[in-house]
Amino acid sequence: QVQLEESGGGLVQAGGSLRLSCAVSGSTSSIKFMGWYRQAPGKQRELVATIASGGSTNFADSVKGRFTIARDNAENTVNLQMNSLKPEDTAVYYCHADIGFLLRRYWGQGTQVTVFP
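Here the structure is a predicted model, which is why all the values come from computation and not from measurement.

Asker: It is not clear to me how the packing of aromatic side chains should be interpreted in this structure. Could you clarify?
Answerer: Where two aromatic rings form a pair, the distance of their centres and the angle of their planes describe that pair. Following the criterion strictly, the structure yields one aromatic pair and no others. Ring plane angle 80 degrees and centroid distance 5.3 Å describe the contact between Tyr37 and Trp107, whose orientation is recorded as edge-to-face. Placement of the pair is Tyr37 in strand E4 (residues 31-39) and Trp107 in strand E10 (residues 104-107), with a sequence separation of 70 residues. Residue Tyr37 is classed as buried on the basis of its relative accessible area of 17%.

Asker: For this particular structure, what's the right way to read unusual backbone geometry?
Answerer: Glycine aside, a negative phi is what most residues show, and trans is what most peptide bonds show. Residues other than glycine seldom take positive phi values, yet Ser84 does so here, at roughly 50 degrees. Mapped onto the fold, Ser84 is located in the loop between strand E8 (77-82) and strand E9 (91-99). The backbone of Leu103 shows a phi angle near 50 degrees, a positive value even though the residue is not glycine. Secondary-structure assignment places Leu103 in the loop between E9 and E10.

Asker: Explain the pairing of E8 here, please?
Answerer: The two faces of a sheet get side chains in turn, since along a regular strand they alternate between them. In terms of strand pairing, strand E3 (residues 18-25) meets E8 through six bridges, oriented antiparallel. If you follow Ser21 over to E8, its bridge partner there is Asn79. Of the pairings in the sheet, the one linking strand E7 (residues 67-72) to E8 comprises six bridges and is antiparallel in character. Paired with Ile69 across the bridge in E8 is Leu80. Hairpin connection, E7 to E8: the antiparallel pair is bridged by four residues, and Asn76 has positive phi, about 55 degrees.

Asker: Just to check I follow, could you spell out the environment of Gly16 for this structure?
Answerer: Position of Gly16 among the secondary structure elements: in the loop between strand E2 (10-13) and E3. Residue Gly16 is classed as buried on the basis of its relative accessible area, which comes to 18%. With 45 residues separating them along the chain, Gly16 and Asp61 place their C-alpha atoms 19 Å apart. Aside from chain neighbours lying at most four places away, what touches Gly16 is Met82, Asn83, Ser84 and Leu85.

Asker: Looking at this model, I keep getting lost on the state of the cysteines. Mind explaining?
Answerer: Chemically, a disulfide is nothing more than a covalent bond linking the sulfur atoms of two cysteines. In the structure shown here, the tally under the stated rule is one disulfide. Each sulfur of the disulfide joining Cys22 and Cys95 lies 2.0 Å from the other. A torsion of -85 degrees about the S-S bond marks the disulfide between Cys22 and Cys95 as left-handed. With Cys22 in strand E3 and Cys95 in strand E9, this pair connects stretches of sequence that are 73 residues apart.

Cut-offs applied
- Residues numbered from 1 in each chain as written.
- Predicted model: local features only at pLDDT ≥ 70, side-chain atom pairs only at ≥ 80, totals over all residues.
- Heavy atoms only, no water.
- Phe/Tyr/Trp six-rings, centres within 6.5 Å; stacked < 30°, edge-to-face > 60°.
- Helix = DSSP H or I, 4+ residues; strand = E, 2+ residues; numbered from the N terminus.
- Buried < 20%, exposed > 50% of the residue type's maximum accessible area, 1.4 Å probe, protein only.
- Pairing = 2+ DSSP bridges.
- Contact = heavy atoms within 4.5 Å.
- Disulfide = S-S within 2.5 Å.

These values are about where atoms sit, not about what they do.
Shown next, in the form of structure tokens:
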């Protein structure tokens with residue numbers, strides 16, 4: 001059974017930084033993609049950033065230049081460094097891992113990020 005454990009959310013003033021971490025455990029062979037989505041109140045869940053096992057990345061336009069993503073394939077972890085945070089970044093952030101030939105997606109429980117002006 002695959003489990004994702006997130007950490008690092010919190011409350012921060014605009015312009016500040018936070019670092020989210022996610023650790024994947026269980027049947028973790030062949031984790032193809034890892035990354036983060038977010039969901040703000042009343043909005044759909046949206047992509048923030050993903051990273052492939054080979055290191056290629058994809059970012060939402062709204063976070064390019066402010067967020068970076070990195071993964072450790074040996075430890076099955078993925079980190080999201082969020083800089084220059086804005087109030088509009090406020091959301092619940094969900095870690096995901098896409099595993100196996102069929103790229104089955106697993107989700108974490110989510111961690112709250114709140115950015116105040």
